[in-house]
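# Report on the structure
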Amino acid sequence: MGKITEALKKAAEERLARLEKRPEEKLVVTVHPKTIEGLNIDPHIVLHSDPHSPISEQYKILRTNLQSLSNGNKPVKSFIISSAIHGEGKTVTAINLAIALATDLAKKSVILIDADLRKSKITKYLGIDTEVGLSEYLTDGLTLDSVLLNTGIENLTLLPAGKTPHNPAELLGSFRMKELLGILKPKFDFIIFDTPPVIPVTDPGVIGSQVDGVVMVIQAGRTQRGVVQHAASLLNQARAKLLGYIMTSVEFHLPHYLYKYYRYQ
């Protein structure tokens with residue numbers, strides 16, 4: 001069985017290599033996302049509800065830090081937002097960071113992919129009601145146009161999770177998922193994945209080996225150092241590059257002069 005598996009893997013890799021060498025095949029795939037009107041976006045998405053707040057400025061700083069990781073030879077354009085365990089704020093972080101990148105004056109095109117096929121939440125935060133997404137694209141052979149959504153936020157496209165499948169890890173590691181990445185990379189400046197936490201399931205490691213890196217969200221005062229180190233070790237074993245950490249729920253005193261500066265912008 002080992003030889004058969006290796007042969008299938010080699011055949012899949014050769015097919016993907018042929019696709020990358022023949023750009024004319026990619027041009028056949030068009031991206032025309034459907035527009036969603038009248039979104040009821042959750043207030044936690046501060047880049048939308050209060051773009052000049054101190055918290056929004058922190059996401060913009062994060063945007064700058066992330067962009068600084070890129071260099072001419074190896075730009076960071078596809079990455080995962082995950083966490084060690086559940087409830088650390090990864091989804092809210094992913095959405096806010098996606099908006100920060102999309103609303104930059106550089107006019108970069110961004111696609112946010114809900115790859116948490118187990119407990120997806122992005123559509124809830126954005127107030128979107130849809131029944132199809134990444135899961136249906138990978139299993140039912142739907143076209144990209146039928147699953148991509150125009151959020152109404154300039155330069156930001158959403159690929160929702162869709163219905164919960166019975167084999168999420170296998171779908172995320174499938175050849176069709178690799179093909180999807182090959183299609184999206186030349187069409188978007190940034191590809192952001194929201195995935196399940198690292199420790200409970202293998203999904204982040206499966207995708208992490210296919211993208212430029214992983215950004216891990218840590219909730220201050222909750223997640224222990226050993227838990228974070230274990231999650232980082234799992235990513236390393238999966239050959240996923242850890243780009244850095246984001247600390248959430250940090251409380252700090254804002255000096256009066258800074259408060260006035262933010263308040264009256």
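Nothing here was measured: the structure is a model prediction, and the numbers come from that model.

### Remarks on the overall build of the chain
- From N to C terminus, the chain includes 12 helices and 8 strands.
- With 265 residues in all, the chain has 45% of them scored as buried.
- Summarising the internal contacts of the chain: among those between residues at least 6 apart in sequence, 78% fall at separations of at least 24.

### Remarks on the packing of aromatic side chains
- Summed over the entire model, instances satisfying the criterion amount to 0 aromatic pairs.
- A cation over a ring is seen here: Arg 176 above Tyr 137, with NZ or CZ 4.0 Å from the ring centre.

### So, the nonpolar core
- Core analysis: the biggest nonpolar cluster contains 35 residues, and Phe 79 and Leu 112 have the highest contact counts within it.
- In terms of residues, this core owes the most to one element, helix α5 (residues 90-102), which gives 9 residues.
- With near-sequence residues (within four places) excluded, Leu 112 lies in contact with Ala 94, Ile 95, Ala 98, Ile 122, Leu 156, Thr 157, Leu 158, Leu 159 and Ile 192.

### Overview of the pattern of salt bridges
- This structure, assessed with the given rule, holds 5 salt bridges.
- Salt-bridge contacts for Glu 57 lead to Lys 60; the nearest nitrogen and oxygen are separated by 3.5 Å. Taken together, the residues span about one helical turn, with Glu 57 and Lys 60 both in helix α4 (residues 54-68) at a distance of 3 residues. As far as burial versus exposure is concerned, Glu 57 and Lys 60 are alike and both buried.
- Here Lys 90 and Asp 194 are joined by a salt bridge, their closest N and O atoms 3.0 Å apart. Of this pair, Lys 90 sits in helix α5 while Asp 194 sits in strand β6 (residues 190-194), and the two are 104 residues apart along the sequence.
- For Lys 90, a relative accessible area of 9% gives the class buried.
- Residue class for Asp 194 comes out buried when judged on its relative accessible area of 0%.
- Here the salt bridges share partners, and the residues they tie into one network are Lys 90, Asp 116 and Asp 194.

### Considerations on helix α11 (residues 225-237)
- Compared with the 18 Å implied by 1.5 Å per residue over 13 residues, the 18 Å span of α11 between its first and last C-alpha is a close match.
- Where α11 is concerned, the buried positions are Val 228, Ala 231, Ala 232 and Leu 235. Along α11, the residues classed as buried sweep out an arc of 100° about the axis, all on the same side. Residues of α11 that are exposed and point over 90 degrees away from its buried face: Asn 236 and Gln 237.
- In this structure, the buried residues of α11 make contact with β7 (213-219) and β8 (242-248).
- Arg 239 sits one or two positions beyond α11 and adopts a positive phi of about 65°.

### Considerations on unusual backbone geometry
- Of note, Lys 107 is a non-glycine position whose phi angle comes to about 60°, a positive value.
- Within the secondary structure, Lys 107 sits in the loop between α5 and β3 (110-114).
- Residue Lys 107 is classed as partly exposed on the basis of its relative accessible area, which comes to 47%.
- Notably, Asn 155 is not glycine yet its phi reads approximately 70°, a positive angle.
- Along the polypeptide, Asn 155 turns up in the loop between β4 (149-150) and β5 (156-159).

### Examining the pairing of β7
- The buried fraction of β7 is high, at 7 of 7 residues.
- Pairing geometry for β7 and β8, over 6 bridges, is parallel. Bridge assignment links Val 214 to a residue of β8, and that residue is Leu 242.
- After leaving β7, the chain enters α11 and then returns to the sheet as β8, a path that is right-handed.

### Remarks on the environment of Pro 204
- Topologically, Pro 204 is positioned in helix α10 (residues 203-208).
- Beyond its immediate sequence surroundings of up to four residues, Pro 204 is in contact with Ile 80, Ser 82, Thr 195, Pro 196, Pro 197 and Val 198.

### Focus: helix α9 (residues 175-184)
- Buried residues dominate α9, accounting for 8 of its 10 residues.
- If you check which residues of α9 are buried, you get Phe 175, Met 177, Glu 179, Leu 180, Leu 181, Gly 182, Ile 183 and Leu 184.

### Details of the side chain of Ser 56
- Structurally, the position occupied by Ser 56 is in helix α4.
- With residues up to four places along the chain from it excluded, the contact list for Ser 56 reads Val 46, Leu 47, Asp 50 and Pro 51.

Calculation rules
Each chain carries its own residue numbering, running from 1 in the written order of its sequence. This being a predicted model, a pLDDT of at least 70 is required before a residue's local features are given, and a value of 80 or more before pairs of side-chain atoms are given or counted; all residues contribute to the totals for chains, interfaces and linings. Hydrogen atoms and water are omitted, and side-chain values are computed over all heavy atoms in the structure. Think of it this way: any DSSP run of H or I at least four residues long counts as a helix, any run of E at least two long counts as a strand, and we number them from the N terminus. Think of it in three bands: residues with accessible area under 20% of the maximum for their type are buried, residues over 50% are exposed, and the middle band is partly exposed, with areas taken using a 1.4 Å probe on protein chains only. Should any heavy atoms of two residues lie within 4.5 Å, those residues are considered in contact. Put simply, two rings from Phe, Tyr or Trp (the six-membered ring, in Trp's case) pair if the centres are within 6.5 Å, and we call them stacked under 30 degrees between planes, edge-to-face over 60, tilted for the rest. Only lysine NZ and arginine CZ atoms are considered, and such an atom sits over a ring when it is within 6 Å of the ring centre and within 35 degrees of the ring normal. The criterion is simple. A nonpolar core is a set of buried Ala, Val, Leu, Ile, Met, Phe, Trp, Tyr and Cys residues joined through side-chain atoms within 4.5 Å. Here, a salt bridge means any side-chain nitrogen of Lys or Arg that lies within 4 Å of a carboxyl oxygen of Asp or Glu. An expected span of 1.5 Å times one less than the residue number is assigned to each helix. Each C-beta atom gives one direction from the helix axis, and the arc is the one those directions make. Two strands qualify as a pair provided that DSSP identifies no fewer than 2 bridges between them. Seen with its strands pointing away from the viewer, a crossover is right-handed if its path from the first strand over the helix to the second goes clockwise.

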